[in-house]
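One-letter residues, chain by chain:
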Amino acid sequence: MVTIQDLIPQYGELNRIYSEYIVNNVFSFDKQKFITGFYRQHNNSKDFEAALLKLVLDKQKEQYILILKSLKTEIEKNILIYETHTLPDDNIIARVCYDYADKHNLEIEDQLEVTRKLSKSVNEAYNRYDSIGYREHTNEEKVQVEKEYERRKAEYEKAKAELDKLYELQKQDRKEAFQYMENLFDAIYRLSLLFMNILKKYIPDIEKKQEEQNEQDEQQVTSGEQHEYFSMKLLSIIYEVCLEEQFEKISASDFYANMNLHPCKNKLKIKAREKIRVCYLIFLMSEELPKQDKDEWKDKILKLLDIDESYYRSKYKEPVSDFPSDSNQNFAKEMERIFG
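Residues numbered from 1 in each chain as written. Predicted model: local features only at pLDDT ≥ 70, side-chain atom pairs only at ≥ 80, totals over all residues. Heavy atoms only, no water.

(A) Examining the nonpolar core more closely. Residues Ile4, Phe27, Leu52, Leu68 and Leu71 are the most contacted members of the largest nonpolar core, which totals 44 residues. Only helix 1 (4-24), helix 2 (29-42), helix 3 (45-58), helix 4 (61-84), helix 5 (90-101) and helix 8 (185-199) provide two or more residues apiece to this core. Looking at this core, the element that brings in the most residues is helix 4, giving nine residues. Setting aside anything within four residues of it in sequence, one finds Leu71 in contact with Ile4, Leu7, Ile8, Tyr11, Phe48, Leu52 and Leu199. (Core = buried A, V, L, I, M, F, W, Y, C linked by side-chain atoms within 4.5 Å. Buried < 20%, exposed > 50% of the residue type's maximum accessible area, 1.4 Å probe, protein only. Helix = DSSP H or I, 4+ residues; strand = E, 2+ residues; numbered from the N terminus. Contact = heavy atoms within 4.5 Å.)

See the structure below:
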């Protein structure tokens, strides 16, 4: 049974593989093999919860909370990388697997050429040996021809054995490669979300502090006059365009309350892989505000939507960069229609 202490470094290695691909565009069969092994080992949520329970029962609270915080950090990092970056697709995964399956191809071609030449040499030696009986010859000549045939035959059999060995290695490589061709990035993302939901039951103090902070923020807003940053007219247009595209399903009134930073029961949530486009939306909305409100609203909405300030600064202009993706380009056109 896997332990939480084992899972943390495995998540760390998984995140390093993700990050290396993002930074250096490097991916290999060994990395795909690790990813597949990770998912196959950990895709049972019951085993995960059993490991959590065992940790809680075996350790003092201070110890297990520290361990669970480390695990939470790695899982959150894994989710964030998936949601904000492009990871290897089916074509890249297939390529590294086929490259691994065919890694002995050049050796086989070279050895096949050697074997063919030796086979021809054996046939020539055999013909000389076979034909010697049809002409005059000495015993010494016969012995020499026979020895030459046996020597070349031994060389051929050795080369043939080496070729057969390479064919067997190729067969094993192909069998192994075809076991790891599945793209599991989406599945691991869903697994990480499931793990986070389970983990919340075992670190209530962290969640409690977050809830208390949220309540304090709401009280601070409620204590003063509720300020309307954006009109219902503008927000209704944004709501119509972005609901269930950039944001998870929420009522129009709750959307209005969230965007105006009013107390609200239902928190606005960004859909997977939409954070960059939401950053661009926040930038456009902040540009609509007077100078005295702009920074305050932007800081608070970033916090509400769990977007790090440094991430926002590095990503908010991507939809209108020199080489935007098709989805970013389409979103920028929709925003131009609203804010242009």
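(B) Up close: the environment of Leu66. By the element assignment, Leu66 lies in helix 4. With a relative accessible area of 58%, Leu66 lands in the exposed category. As for Leu66 and Ile203, which are separated by 137 residues in sequence, their C-alpha atoms are 9.7 Å apart.

(C) Focus on unusual backbone geometry. Backbone geometry places Asn25, a non-glycine residue, at a positive phi of 55°. Within the secondary structure, Asn25 sits in the loop between helix 1 and helix 2. The phi torsion at Asp306 lies on the positive side, around 60°, for a residue other than glycine.

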